[in-house]
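# Coordinate inspection notes
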Amino acid sequence: MRMESEAAPFSAADLRTRMARMGTGEDETTRYGDHLLNPDLVQLAEHAEARDAAVLVPVVDYGLGTEAGVILTTRAAHLRKHSGQIAFPGGSVDPGDGSPEAAALREAEEEVALERRFVEPIGRLPRYFTTTGFRITPVVAIVSPGYELRPSPSEVDDAFEVPLGFLMNAANHRQESRVWNDVLRHYYTMPFGDRFIWGVTAGIIRTLYERFYAS
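Residues numbered from 1 in each chain as written. Predicted model: local features only at pLDDT ≥ 70, side-chain atom pairs only at ≥ 80, totals over all residues. Heavy atoms only, no water.

### Brief notes about helix α1 (residues 12-22)
Every buried residue of α1 is accounted for by Ala12, Ala13, Asp14, Leu15, Arg18 and Met19. Looking at the buried side of α1, the elements it contacts are β2 (51-60), β6 (119-124), β8 (134-143) and α5 (199-212). (Buried < 20%, exposed > 50% of the residue type's maximum accessible area, 1.4 Å probe, protein only. Helix = DSSP H or I, 4+ residues; strand = E, 2+ residues; numbered from the N terminus. Contact = heavy atoms within 4.5 Å.)

The following block contains the structure:
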């Protein structure tokens with residue numbers, strides 16, 4: 001029988017403990033990204049013209065004994081790039097942001113109206129390098145209940161939650177491939193019901209798993 005003070009597996013409190021104990025690993029010697037599955041592809045993100053971006057990994061805290069949820073969005077179908085794909089709230093780091101945390105919080109407010117008063121950043125994952133020339137800083141945050149999500153129609157079709165335990169289960173992680181720019185590209189997928197999580201979003205989730213849940 002679990003004591004009341006003991007955090008349940010996959011609860012927000014358990015994640016907080018894991019990150020505090022193991023560290024966030026922001027050093028440049030530990031890298032994650034598309035290039036690890038595709039070492040033959042040129043890494044535009046390592047060039048001077050690479051663009052910095054940040055995403056919020058919002059983990060909803062439902063209490064010590066309850067599994068957390070992870071907020072994800074579906075990008076609007078009319079967008080020119082990555083339309084209809086599942087993503088974390090996020091975007092480019094603007095000059096006025098000051099930090100990846102500020103950028104991630106701003107984007108979450110703009111995209112789904114997630115108010116900052118409900119959000120507590122607790123650490124960063126290692127920067128995620130993409131083959132399209134972005135350096136993405138994933139900001140992990142604990143979200144307190146009481147918020148109301150209102151997707152912005154110009155950017156997001158909807159927002160939803162996936163149980164953290166589902167995402168941190170390696171049995172739900174698949175490796176697939178397709179031809180991209182005449183090159184075979186490999187990537188992770190994590191189908192969840194009628195939702196298809198893949199690409200960078202799945203790669204960031206995989207990073208969270210490898211750093212804090214794989215052992």
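### Some points on the sheet that holds strand β12 (residues 195-198)
Picture the strands of a sheet paired through backbone hydrogen bonds; they go either parallel or antiparallel. Strands sit in the order β10-β11-β12 across an open sheet of three strands; the sheet is antiparallel. For this open sheet the edge positions go to β10 (174-180) and β12, each flanked by a neighbour on one side alone. This sheet shows a mean twist of 45° between the axes of neighbouring strands, independent of strand direction. In terms of strand pairing, β10 meets strand β11 (residues 183-192) through seven bridges, oriented antiparallel. By the bridge assignment, Gln175 is partnered in β11 with Tyr188. Packed on one face of the sheet, α5 meets β11 and β12 and runs near 70° to β11. (Pairing = 2+ DSSP bridges. Axes fitted to C-alpha atoms, helices over the stretch in contact; angles between N-to-C directions.)

### As for the environment of Leu208
Among the structural elements, Leu208 can be located in helix α5. Assessed through its relative accessible area of 4%, Leu208 is described here as buried. Taking the C-alpha atoms as reference, Leu208 lies 7.9 Å from Met168; in sequence the two are 40 residues apart.

### Points about the confidence of the model for the protein
With 87% of its residues at a pLDDT of at least 70, the protein reaches an overall mean of 87. Summarising per-element confidence for the protein, the mean pLDDT is lowest in strand β1 (residues 32-33) (63) and highest in helix α4 (residues 164-167) (98). (pLDDT = per-residue confidence, 0-100.)

### Thoughts on the nonpolar core
Counting residues in hydrophobic clusters, the biggest one holds 33 residues, and the most contacted among them are Val59, Leu167 and Ile197. Elements supplying a minimum of two residues to this core: α1, β2, β3 (69-75), β8, β9 (156-163), α4, β11 and α5. By size, the runner-up hydrophobic cluster in this structure holds 17 residues, among which are Val112, Phe118, Val119 and Val139. (Core = buried A, V, L, I, M, F, W, Y, C linked by side-chain atoms within 4.5 Å.)

### Things to note about the pattern of salt bridges
Under the defined criterion, the tally for this structure stands at 13 salt bridges. The salt bridge partner of Asp52 is Arg127, with a shortest N-O separation of 4.0 Å. Pair noted here: Asp52 is in strand β2 and Arg127 is in the loop between β6 and β7 (128-129), with a separation of 75 residues, a long-range link. Across the salt bridge formed by Asp97 and Arg106, the nearest N and O atoms sit 2.7 Å from each other. (Salt bridge = Lys/Arg side-chain N within 4 Å of Asp/Glu carboxyl O.)

### Things to note about the packing of α1 against α5
With their axes 10 Å apart at the nearest point, α1 and α5 run at an angle of 65° to one another. Compared by their axis directions, α1 and α5 come out roughly perpendicular. Where α1 crosses over α5, the handedness of that crossing is left-handed. Residues Leu15, Arg18, Met19 and Met22 of α1 lie in contact with α5, whose contacting residues are Leu208, Arg211 and Phe212. When its residues are assigned to classes, the contact of α1 with α5 shows five nonpolar, no polar and two charged. (Parallel < 35°, antiparallel > 145°, perpendicular 65-115°, else oblique. Left-handed = near helix turned anticlockwise from the far one by under 90°. Nonpolar A, V, L, I, M, F, W, Y, C, P; charged D, E, K, R; others polar.)

### As for the environment of Asn172
Relative to the helices and strands, Asn172 resides in the loop between α4 and β10. Separated by 17 residues in the primary sequence, Asn172 and Thr189 place their C-alpha atoms 8.2 Å from one another. Residue contacts for Asn172: discarding those within four places in its chain leaves Phe166, Thr189, Met190 and Pro191. At a separation of 2.9 Å, a polar atom in the side chain of Asn172 contacts the main-chain carbonyl oxygen of Phe166. (Polar contact = N/O pair within 3.5 Å; in protein donor to acceptor, adjacent residues only side chain to side chain.)

### A word on the packing of aromatic side chains
Centre distance and the angle of the planes are the two values used to describe a pair of aromatic rings. Under the counting rule described, the total for this entry stands at four aromatic pairs. When the centroid spacing of 5.0 Å and the interplanar angle of 65° are considered together, the rings of Tyr187 and Trp198 count as edge-to-face. Here Trp198 lies in strand β12 and Tyr187 lies in strand β11, a separation of 11 residues in the sequence. A relative accessible area of 4% places Tyr187 in the buried class. The residue whose ring lies beneath Arg178 is Trp198, and the NZ or CZ to ring-centre distance is 4.7 Å. Seen from the ring of Phe212, Arg211 lies directly overhead, with NZ or CZ sitting 5.7 Å from the centre. (Phe/Tyr/Trp six-rings, centres within 6.5 Å; stacked < 30°, edge-to-face > 60°. Lys NZ or Arg CZ within 6 Å of the ring centre and 35° of its normal.)

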